[in-house]
Amino acid sequence: MWTELLPVGRSSASGGYRRFAWTAADAECRAWFEEQARARGLACEVDRNGNQWAWLGDPAAGNAVVTGSHLDSVPDGGAFDGPLGVVSAFAALDELRGRGVRFTRPLGVVNFGDEEGARFGLACVGSRLTAGKLTAEQAHRLTDRDGISLPRAMEAAGHDPEAIGPDPERLARIGAFVELHVEQGRALDELGHAVGVASAIWPHGRWRFDFRGEANHAGTTRLTDRHDPMLPYAETVLAARREAERAGAVATFGKVAVEPNGVNAIPSLVRGWLDARAADQDVLDTVVGGIEQAARKGADGHGVTLDVVRESFTPVARFDHALRDDLVRILARTDGPDVPVLGTGAGHDAGILSASIPTAMLFVRNPTGVSHSPAESATEDDCLAGVRALADVLEGLACR
Ligand SMILES: [Zn+2]
């Protein structure tokens with residue numbers, strides 16, 4: 001399975017993956033999913049929001065156990081983020097059939113559409129729509145960088161965009177969703193474990209900082225006469241690092257736009273985007289508040305104005321405690337009593353669905369911690385340990 005999927009959407013220039021929603025590469029991934037499902041005698045369907053499902057047993061019976069992840073990627077992403085969860089889902093089913101178990105609940109494998117949001121700028125579109133966290137009207141307004149709207153892109157890929165919207169009946173049939181994912185950090189490596197269980201997804205958000213000053217000549221304007229917005233912006237970037245370090249959080253200015261963006265011009269506008277995440281809401285508020293305070297102080301000091309706009313926010317997603325404890329107990333039978341339970345700063349479909357249905361996540365060790373990059377990795381042994389862990393979990397949940 002891994003070998004078949006490996007060349008799909010891979011850039012020969014970067015070695016990274018460009019599997020964006022509703023593109024040819026996405027269609028290839030979907031065809032692969034359907035082929036895998038059919039080869040195992042599973043019933044395949046695509047829901048109103050473009051998510052792909054493969055079923056063993058009748059989901060209408062209810063209380064289904066579902067596993068899976070996503071097959072799309074960020075620009076020049078790695079091979080593991082997403083696909084590891086889908087490949088492991090099919091492999092775990094093979095493992096369970098090899099064990100000769102009898103399923104007492106319907107079992108589903110899912111490929112959620114447009115998880116990374118690389119094309120339309122919003123992550124987890126498939127699961128958000130399904131859970132009613134994104135309205136059809138909002139989704140219809142999403143456009144890619146070429147001005148192609150999400151509905152047009154869906155239509156071009158053969159999917160009816162008029163059908164999109166909340167799908168509570170589908171969610172009501174699911175008793176548990178377990179997503180396996182490569183870890184996007186080095187916690188498991190430091191703990192010396194191949195597999196861990198998720199506790200929560202940190203609250204996170206994006207803020208836009210607009211520093212407005214005065215454009216002028218870089219050669220003739222005396223330093224004392226300047227209103228240079230680059231200076232408070234630079235102080236704000238350093239403050240973000242300082243505040244995050246102090247609080248045990250993360251804060252990043254990863255995108256910046258400068259006007260007029262000339263080498264010999266003092267800028268008139270510096271617009272920076274802050275991504276900040278922390279273990280809980282209070283800590284995040286403190287970090288962002290501290291960064292904003294430093295930005296205002298810097299702006300005042302340089303005769304520059306500042307506007308701060310919160311562009312998006314996702315509150316903490318706590319995974320179902322009972323299901324999490326089930327996973328820990330099942331893993332402990334093989335891995336011993338100290339199964340790692342980890343929080344994460346990355347968003348996932350499982351986090352989106354956690355407000356609607358019981359969800360849980362398994363993480364597989366990533367020795368470098370690198371993610372959203374071609375350098376993302378996991379050893380074959382650890383991937384197999386992940387499959388075994390997922391099979392144990394599914395057996396524990398669906399074969400009682
Ligand atoms: Zn992912």
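Structure shown above.
Residues numbered from 1 in each chain as written. Predicted model: local features only at pLDDT ≥ 70, side-chain atom pairs only at ≥ 80, totals over all residues. Heavy atoms only, no water.

**What about the pairing of strand E4 (residues 107-112)?**
Short version of the rule: Here the term buried applies to any residue with accessible area under 20% of the maximum for its type, exposed to any over 50%, and partly exposed to those in between, with areas from a 1.4 Å probe on protein chains only. Per the convention used, a helix needs a DSSP run of H or I reaching at least four residues, while a strand needs a run of E reaching at least two, with both numbered from the N terminus. By definition, two strands form a pair when at least two bridges between them are found by DSSP.
Among the six residues that make up E4, six are buried, leaving the element largely enclosed by the rest of the structure. Of the two faces of E4, the one lined by Leu-107, Val-109 and Asn-111 and the one lined by Gly-108, Val-110 and Phe-112 are each fully buried. Here strand E2 (residues 52-56) runs beside E4; their pairing, made up of five bridges, is antiparallel. Pairing of Leu-56 across the sheet is with Leu-107, part of E4. Direction of pairing for strand E3 (residues 64-70) relative to E4: parallel, over a ladder of six bridges.

**What about the pairing of E3?**
To keep things clear, this is the line we draw: Here, the term right-handed applies to a crossover whose path from the first strand over the helix to the second runs clockwise when the strands point away from the viewer.
Buried residues dominate E3, accounting for seven of its seven residues. Where E3 meets strand E5 (residues 174-182), four bridges bridge the pair, whose relative direction is parallel. Residue pairing for E5: Val-65 is matched across the bridge by Ala-176. What joins E3 to E4 is helix H3 (residues 83-99), and the crossover it makes is right-handed.

**Considerations on the pattern of salt bridges**
Put simply, the rule reads: Every case where a carboxyl oxygen of Asp or Glu lies within 4 Å of a side-chain nitrogen of Lys or Arg is listed as a salt bridge.
In the structure shown here, the tally under the stated rule is 28 salt bridges. Residue Arg-30 pairs with Asp-26 through a salt bridge whose shortest N-O separation is 3.2 Å. Pair noted here: Arg-30 and Asp-26 are both in helix H2 (residues 24-39), with a separation of four residues, about one helical turn. Exposure remark for Arg-30: the relative accessible area of 12% places this residue in the buried category. Owing to a relative accessible area of 6%, Asp-26 belongs among the buried residues under this scheme. Between Asp-392 and Arg-388 there is a salt bridge, with its nearest N and O atoms 2.8 Å apart. One end of the pair, Asp-392, and the other, Arg-388, are both in helix H13 (residues 380-398), four residues apart, so they sit about a helical turn from each other. Each of Glu-95, Arg-99, Asp-335, Arg-388, Asp-392 and Glu-395 takes part in one network of salt bridges that share partners.

**Points about the coordination of the zinc ion**
Note the following rule: Water is absent from the atoms considered, so a metal site may look incomplete; donors are defined as N, O and S atoms within 2.8 Å of the metal, or 3.2 Å for Na, K and Ca.
At 2.0 to 2.2 Å from the zinc ion lie its protein donor atoms, namely His-70 (NE2), Asp-81 (OD) and His-181 (NE2). Sequence positions of the residues that donate to the zinc ion give the spacing H-x10-D-x99-H. One end of the pair, Asp-81, is in the loop between E3 and H3; the other, His-181, is in strand E5, with 100 residues separating them in the sequence. Neither Asp-81 nor His-181 differs from the other in exposure class; each is buried.

Bear in mind that shape data such as this cannot, by itself, settle questions of function.
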